[in-house]
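What follows is the residue order along each chain.
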Amino acid sequence: MARDVFKYLKASRELLEAKAVDDNAKAREEAERLGGTLVPGTFGNYEKNGQYIGKIENGKFVPKKEDLATRMANSPAGRAETEAEKKSLGQFEKEADKRKPETKLSALPQIPDGVSDAEYTDRLAKEFSGGREVSKDREEFNRKAAKTKLAQMRQASDASVPEEEPETPEEEPKVTEEPPEKKPEDFPTLDDKIEEINIEEGKNFDGSLRQGDVDIATEESIAKVEEIASTDVEDPRFDGGRESKKEFLDYYSKDSENRAGLNTLNSVTKSRDKVDQMMKAVNNGDYLEEIEITKGNKKTVSELLLDVGIDVNDQAQMDCFKNAHKEINNFVDDRGKFKTSESSELTGSNLGHYEARHIEKRTDLSTMDVGGVQTKGFNLRNDAGSNMQCVTPTITDAVYNLLPTEARGELAKSGSPPAGKYYDPKGKNRQGNANRIRGSAALHMWIMQDGKDAYATAGRRRSPGEFQVEHITPLKSGGKDEIENFSMLLRRVNEPRADQSFEKFLAQVKTKASDLKADLSNPKTREKFEKKYRSSRYNDNFAPIMGGTVSSLTSDDVMSSVNQSLENNLSEKAASNLKVKSEDFKNYQQEVQGFLDKNGLDGDAEVKNMTSDQMNGVFDIMVKNLGVDKTKLVEYMGRNVLNNYDVGARTVINKEGELERGRSGTQSSSGNLTNMQNSVLTDDSFEPEEKKKIQQKINENHQQFKKVRNNYIDNPNDPQAFEDYLDSMSNNFGYLTGDGDSPLSPDRKYDTRLTPSEKNTLDDDVLKGIIGMLTVDKGSIEKDKDVFSPGRQKEITPKAKEHIKALRKKMVDAASRSTGLTPKQIEDPDSLKASDRKKITTLTNALENIDRGLEQ
């Protein structure tokens, strides 16, 4: 019954919309027949020779209205009257008023045994809730929506049934008061009315709440996600998603047949003025206007569009193209990049509480295949009744190729697969570099998902700039960068998911969802995120210069850059609250200068050459005034002085279980390794020249390690490559722990004022550092990350075994010093009490893996 009602309403709506399109087309023809030209930027106004002649209104061309006296004078009755018979205007109006028929309210036709208006709206309101129990607020909203629908049906009934003409003497002209001129907004659709109600009540279409830029989960929005999760993917509800998925896979499985035309659009895109000229002509219907492609080469707007598969004579396709271009370009800023919201900027890659509340209900994710996940995600625009349901890949391709270069590049590279292994149907094995086919595919997925996260399925439409291409089967689990494995996730969902299975990810989501404080609608939480965001903007400025002169840290340019970044990415109000005032930054500068004067230093003093007390003093002032993280400052200094930011290429285990290079970019260095290296920067036990030599040696060892590590990744079955890797690893840890001729002491202490934790020690970093760089703990192996583990090697050389034994001994000795257990006890964990065994569980698992390798 419910489905029949909705089918009837949908069919009625489609007929009305089709009639409206046809009526508008006829109205345009009438206006043009009269010599009229559409006025750009108006709602259907037409001019002739610069004079307004009328407008399209409610599917009809309405000529310019003359004033009452002129119309009377020009009417047949007016022209026939003699001077003696003429009446005053006031008398005429009074008599006309007496002849006006009594206004009657129109209604839907009465049907025998039919339902009353109240019964109809009650039933329709229940249908809108899907038969579920809903909150009182939502119940009231559904009733309003039902009444709106009934009112719209009455309006349609009024338009189709003419009012009965009152009996009026033929010889007397019928004159009535002219109603106010109607505008397009005076004829709202049902969607417009529902959206208006939603905005008034601070709600999104799915019932979630809006508070500024923050979406807030409700019982209703969560229930909608539960409904999606509990409905079988084969249900007819997702037919639209199935059709969209098939169209998507068919279109993007090969290069576009309109590639030549799309390339021409790209030439136009090089000049934003040309794009603006073209789209202005499109919106004005000036399809014969010529756009200069290159010097001496012009094409009409009609030719440009036809060459990419869009026919200007197909009004429905043109309306869809214009709307899609407008909707998507609303998210492009003046720099040509996609905008991001405050929610995205403030939370970054932190799994949003709002998204977590909805995703925790997606118990279906782990039960479906990749195609099923796509089907439900690509059905979201149908669920929402989106104004982009009509957008085909052909239209998306045209819109994408008209975007600024920066925005296109964001989409083409989204998801960061390994270099040279981006999806490209033209490349060998469908792989290559970032390309426009992949970028257009990403944009079309965003359209099919109506700008919503494929897993959360809730909230308002967000900018494409907040999304990343999701690999449904993670790359590290054998998935590939290919359209059959794609969806679009918000960055704050995609990055926390990373390479986790759905089971692990949903467990993480549940934990996040239970953290009620992690909601930007909470003022205290929001304030914390805002301050963190501002400090991160300072970090962006300090990262490349940390370790250099103090004056560079207090430059006015730093304040200006941070404030500009806040203005670019946050709302005016939020940016205003966070921007550093000139007087406050001046106080910071004066405080730093006072510290320098007290220590006999000047602005040219370099931080890397300071004593630990001096360094700590400057950092404390920066933390107090700017909110930056002191340990981050030390980390940045290590990057610049020791060049220890990364350890080389990322890694992945392919479907065959083999090690290979992972997505583009590099793997960040182990925090434990950088702690050991950076601690030398704050060590006052060495003379300046000796300290520089030690830093140079640390740098050389680190670069050598990166080189042999990359070589092993490229040659994972070469025993010599693994031996070289272990040799370099041993050299690094040996030098940092005082082996051989190293000037460093194995008993050296950290300056814990400048470390991540006051409990941080050299022993702790040695133990965790070796385990991490060999990836031999049981938890990592279960995640298929044991890429450097001795236990997975097919062959190990005798020399490599010597290195493994030396590293194994360092682990045991470090654990012994930190736990108080003897090496013998550690080697025989079964002899320990349960509490002591628990302390060394990670180490025990690592030793078992290492010993498997040594047994070869």
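Report follows, based on the coordinates. Computed from a predicted structure; not experimentally measured. (Residues numbered from 1 in each chain as written. Predicted model: local features only at pLDDT ≥ 70, side-chain atom pairs only at ≥ 80, totals over all residues. Heavy atoms only, no water.)

1. Concerning helix H10 (residues 259-269)
Then, number 1: The buried fraction of H10 amounts to eight of the eleven residues, a majority that puts the element mostly inside the structure.
Then, number 2: Restricting attention to buried positions, one finds in H10 the residues Arg259, Gly261, Leu262, Thr264, Leu265, Asn266, Val268 and Thr269.
Then, number 3: Buried residues belonging to H10 abut helix H11 (272-284), strand E7 (290-294), helix H12 (301-306), helix H18 (393-400), helix H19 (405-412) and helix H20 (436-448). (Buried < 20%, exposed > 50% of the residue type's maximum accessible area, 1.4 Å probe, protein only. Helix = DSSP H or I, 4+ residues; strand = E, 2+ residues; numbered from the N terminus. Contact = heavy atoms within 4.5 Å.)

2. What to know about the packing of aromatic side chains
Then, number 1: Considering all chains together, one arrives at 14 aromatic pairs under this definition.
Then, number 2: The interplanar angle of 15° and the centroid separation of 6.4 Å between the aromatic rings of Phe722 and Tyr725 together place this pair among those described as stacked. Placement of the pair is Phe722 and Tyr725 together in helix H32 (residues 719-736), with a separation of three residues, close to one helical turn.
Then, number 3: Phe722 gets classed as buried once you look at its relative accessible area, which sits at 0%.
Then, number 4: Note on Tyr725: relative accessible area 1%, which makes it buried.
Then, number 5: Aromatic rings pair up to connect Phe705, Tyr712, Phe722, Tyr725 and Phe788 into one cluster.
Then, number 6: Over the face of the ring belonging to Phe529 we find Lys528, whose NZ or CZ atom lies 5.5 Å from the ring centre. (Phe/Tyr/Trp six-rings, centres within 6.5 Å; stacked < 30°, edge-to-face > 60°. Lys NZ or Arg CZ within 6 Å of the ring centre and 35° of its normal.)

3. Describing the environment of Asp334
Then, number 1: Locating Asp334 in the fold gives a position in the loop between helix H13 (315-329) and helix H14 (342-347).
Then, number 2: By relative accessible area, Asp334 is classed as exposed at 86%.
Then, number 3: With 70 residues separating them in the primary sequence, Asp334 and Pro404 have C-alpha atoms 10.0 Å apart.

4. Here we look at the state of the cysteines
Then, number 1: Considering all chains together, one arrives at one disulfide under this definition.
Then, number 2: One disulfide in the model links Cys320 with Cys390; its S-S distance is 2.1 Å. Looking down the S-S bond of the Cys320 and Cys390 bridge, the torsion is 100°, so its handedness is right-handed. Remark: Cys390 occurs in the loop between helix H17 (380-383) and H18 and Cys320 occurs in helix H13; sequence separation between them is 70 residues.
Then, number 3: The class for Cys390 is partly exposed, based on a relative accessible area of 42%. (Disulfide = S-S within 2.5 Å.)

5. Looking at the pattern of salt bridges
Then, number 1: Applying the stated criterion across every chain yields a total of 46 salt bridges.
Then, number 2: Taking the shortest distance from any N to any O, the salt bridge between Lys322 and Asp319 comes out at 3.9 Å. Remark: Asp319 and Lys322 occur in helix H13; sequence separation between them is three residues, near one turn of the helix.
Then, number 3: We classify Asp319 as partly exposed; its relative accessible area is 34%.
Then, number 4: Measuring nitrogen to oxygen at the nearest pair gives 2.6 Å for the salt bridge that ties Glu567 to Lys579. With Glu567 in helix H25 (residues 556-569) and Lys579 in the loop between helix H26 (572-578) and helix H27 (582-598), this residue pair connects regions lying twelve residues apart in the sequence.
Then, number 5: Residue classification places Glu567 among the partly exposed positions, given a relative accessible area of 40%.
Then, number 6: By relative accessible area, Lys579 is classed as partly exposed at 28%.
Then, number 7: One continuous salt-bridge network, built from bridges that share partners, spans Asp213, Asp215, Arg460 and Arg462. (Salt bridge = Lys/Arg side-chain N within 4 Å of Asp/Glu carboxyl O.)

6. Comments concerning the pairing of strand E8 (residues 297-300)
Then, number 1: In the sheet, E7 pairs with E8 via four bridges, with the strands oriented antiparallel. Bridging from a neighbouring strand, Ile291 pairs with Lys299 of E8.
Then, number 2: Counting the residues in the hairpin turn of E7 and E8 gives two residues, including Gly296, whose phi is positive at 85°. (Pairing = 2+ DSSP bridges.)

7. Things to note about the nonpolar core
Then, number 1: Among the nonpolar cores identified, the biggest contains 92 residues, and Tyr538, Phe542, Met546, Phe619, Met622, Tyr725 and Met729 are the most heavily contacted of them.
Then, number 2: Considering each element in turn, this core owes the most residues, eight residues, to H32.
Then, number 3: Leave out the neighbours within four places in its chain, and Met546 touches Leu553, Phe619, Met622, Leu633, Tyr636, Met637 and Asn640.
Then, number 4: Counting residues in hydrophobic clusters, the runner-up holds 74 residues, among them Val282, Ile395, Ala412 and Ile472. (Core = buried A, V, L, I, M, F, W, Y, C linked by side-chain atoms within 4.5 Å.)

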